[in-house]
Amino acid sequence: MNEKNIDSAGVKMKSWVINSLNVVQTMGVFILIFTFLSVAYPRFFTILNLMNIVKQQVPNLIVAVGITFILINGEIDISIGGALCLVTIVTAKTILSMGIFAGIVAGISTGVLVGIFNGFMVTRGRIPSFIVTLGMMYMTRSIAYVITKGFSIGGLPENFKQFYGSTFLKIPIVFIIVIVIYAIAYIASNRTIFGKNLYAVGSNKKAADLSGIDSSMVKFKTFILLGFLVGVAGVILVSRLGGVQAETGRGFEFAVISAVIIGGCSLYGGEGNVLQSIIGVFIISLIRNGLNLSHMDLYWQEFVTGAVIIIAVLLDTWRVRLRERFSLSKM
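From a predicted model like this one, the values you see are computed outputs, not experimental measurements.

Colleague: Any details on the packing of helix H4 (residues 80–98) against helix H12 (residues 252–262)? Residues and values, ideally.
Modeller: Remark: H4 packs on H12, axes separated minimally by 6 Å, with the N-to-C direction vectors making an angle of 125°. With respect to each other, H4 and H12 are oriented oblique. Judged by residue contacts, Ile-80, Gly-81, Gly-82 and Leu-84 of H4 engage Phe-252, Glu-253 and Val-256 from H12.

Colleague: Run through the side chain of Thr-222, naming residues and quoting values.
Modeller: With respect to the helices and strands, Thr-222 occurs in helix H11 (residues 215–241). Ignoring sequence-local partners within four residues, the contact set of Thr-222 consists of Phe-69, Ile-70, Asn-73, Phe-194 and Leu-198.

Colleague: Would you mind going over the side chain of Ser-266 in detail, with residue names and values included?
Modeller: Relative to the helices and strands, Ser-266 is located in the loop between H12 and helix H13 (274–293). Non-local contacts of Ser-266, meaning those with residues more than four positions away in its chain, are made with Leu-71, Glu-271, Asp-316 and Val-320.

Colleague: I'd like a rundown of the nonpolar core, residues and numbers included.
Modeller: Core analysis: the biggest nonpolar cluster contains 63 residues, and Val-58, Ile-62, Val-63, Ile-67, Ile-80, Val-230 and Val-256 have the highest contact counts within it. If you tally residues by element for this core, the top one is helix H3 (residues 58–72), at 11 residues. Apart from residues no more than four positions distant in its own chain, Ile-80 is found in contact with Val-63, Ile-67, Leu-226, Val-230, Phe-252, Glu-253 and Val-256. Core analysis: the next-biggest nonpolar cluster, separate from the first, contains 12 residues, Cys-85, Ala-92, Ile-95 and Val-238 among them.

Colleague: Can you tell me about the packing of aromatic side chains, naming the residues and giving the values?
Modeller: Throughout the structure, instances matching the rule amount to 5 aromatic pairs. Ring geometry for Phe-69 and Phe-194: centres 6.3 Å apart, planes at 55°, overall tilted. Here Phe-69 is found in helix H3, whereas its partner Phe-194 is found in helix H9 (residues 193–203), with 125 residues between them in sequence. A relative accessible area of 25% means that Phe-194 is categorised as partly exposed. These aromatic residues form a ring-pair network of at least three members: Phe-30, Phe-34, Phe-44 and Phe-45.

Colleague: Explain H4 residue by residue, including any values.
Modeller: Under the 1.5 Å per step criterion, the end-to-end length of H4 is 26 Å for 19 residues, consistent within 8% with the ideal 27 Å. Where burial is concerned, most of H4 is hidden: 15 out of the 19 residues are buried. Positive phi shows up at Gly-99, right after H4, with a value of about 110°.

Colleague: Could you give an account of a nonpolar patch on the surface, naming the residues involved and the relevant values?
Modeller: Taken together, the side chains of Val-23, Met-27 and Ile-31 define a hydrophobic patch exposed on the protein surface, amounting to about 220 Å² of accessible area. Relative to the helices and strands, Val-23 is located in helix H1 (residues 3–40). Assessed through its relative accessible area of 35%, Val-23 is described here as partly exposed.

Colleague: Before we move on, can you summarise the packing of H3 against helix H8 (residues 173–191) with the specific residues and values?
Modeller: Direction vectors running N to C along H3 and H8 enclose 10°, while the axes themselves pass 9 Å from each other. When the interaxial angle is binned, H3 and H8 end up roughly parallel. Residues Val-58, Leu-61, Ile-62, Ala-64, Val-65 and Phe-69 of H3 lie in contact with H8, whose contacting residues are Val-174, Phe-175, Val-178, Ile-181, Tyr-182, Ala-185 and Ser-189. Across the contact of H3 with H8, the residue classes tally to 12 nonpolar, 1 polar and no charged.

Conventions used here
- Residues numbered from 1 in each chain as written.
- Predicted model: local features only at pLDDT ≥ 70, side-chain atom pairs only at ≥ 80, totals over all residues.
- Heavy atoms only, no water.
- Axes fitted to C-alpha atoms, helices over the stretch in contact; angles between N-to-C directions.
- Helix = DSSP H or I, 4+ residues; strand = E, 2+ residues; numbered from the N terminus.
- Parallel < 35°, antiparallel > 145°, perpendicular 65-115°, else oblique.
- Contact = heavy atoms within 4.5 Å.
- Core = buried A, V, L, I, M, F, W, Y, C linked by side-chain atoms within 4.5 Å.
- Buried < 20%, exposed > 50% of the residue type's maximum accessible area, 1.4 Å probe, protein only.
- Phe/Tyr/Trp six-rings, centres within 6.5 Å; stacked < 30°, edge-to-face > 60°.
- Expected span 1.5 Å × (residues − 1).
- Patch = residues over 30% accessible without salt bridge, like charges linked within 9 Å, V, L, I, M, F, W, Y side chains within 5 Å.
- Areas by Shrake-Rupley, 256 points an atom, 1.4 Å probe, with all protein chains shown as cover.
- Salt bridge = Lys/Arg side-chain N within 4 Å of Asp/Glu carboxyl O.
- Nonpolar A, V, L, I, M, F, W, Y, C, P; charged D, E, K, R; others polar.

Listed below in structure tokens is the structure:
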């Protein structure tokens, strides 16, 4: 074995070690929190409570796929909370006036349009994604208030509200939807040219451009995909809630983004895995469930949520520094 092959094997081994540390770190945190809650709160480790946790996380799990792709791409989208709210409002209003099918189409289309706008402004307008999506966050929330005039929207058809709890072969249909989405996302990110381009653009945009990859188109498609998933999640959320208001989805963006980062995605791009994002989503949900079981004051719960976000970013920074240290050691 020549020196070049030895170096290549060493690089692969170091990369495998880092990725393994990410998985162990994420799973370790999940197991630790799950074990603590099971011991400290007997009501936690019940079938009813665990099923409720999983069902409540369906919208988060769906949107986490899109956020994973966005972060891998080296971008960010903090408008998903406002976009989700607008999707729910449009879905509910359209169902009441034109029927369920029209409401579903209108809701998903609203999410896609938000994604198209964000993607266009980032790729063609050359505006940083944080600024674009920050503006979109306020715009969508404002439109939601204008449409609802501050009032809740209810009175949705019973058959639509029952969809969230419906099953197929005793499996909740919303679980099947999540499984299908993650299966497609995993294949797309690991077995397709789009997935390879996604990681290439996020790791080094200039190098990707020089290799012939249209990085702008990759980013644009990713924002549209996220918009579509926000649309799907919003429609499902309307069915679960049975009614919506302009405050729906408040804080949703930070819960999902922090969950995906805890799951191993990097704010610096080029790193992430949709399957690990699932674990990150459930870590956040377990923390919130534990806070509710402990009857902690609502204001302190917000403090803990903010602390979790900071810890998530610290973990991401630690992973990046570790990777850079290994990279420098091979030079």
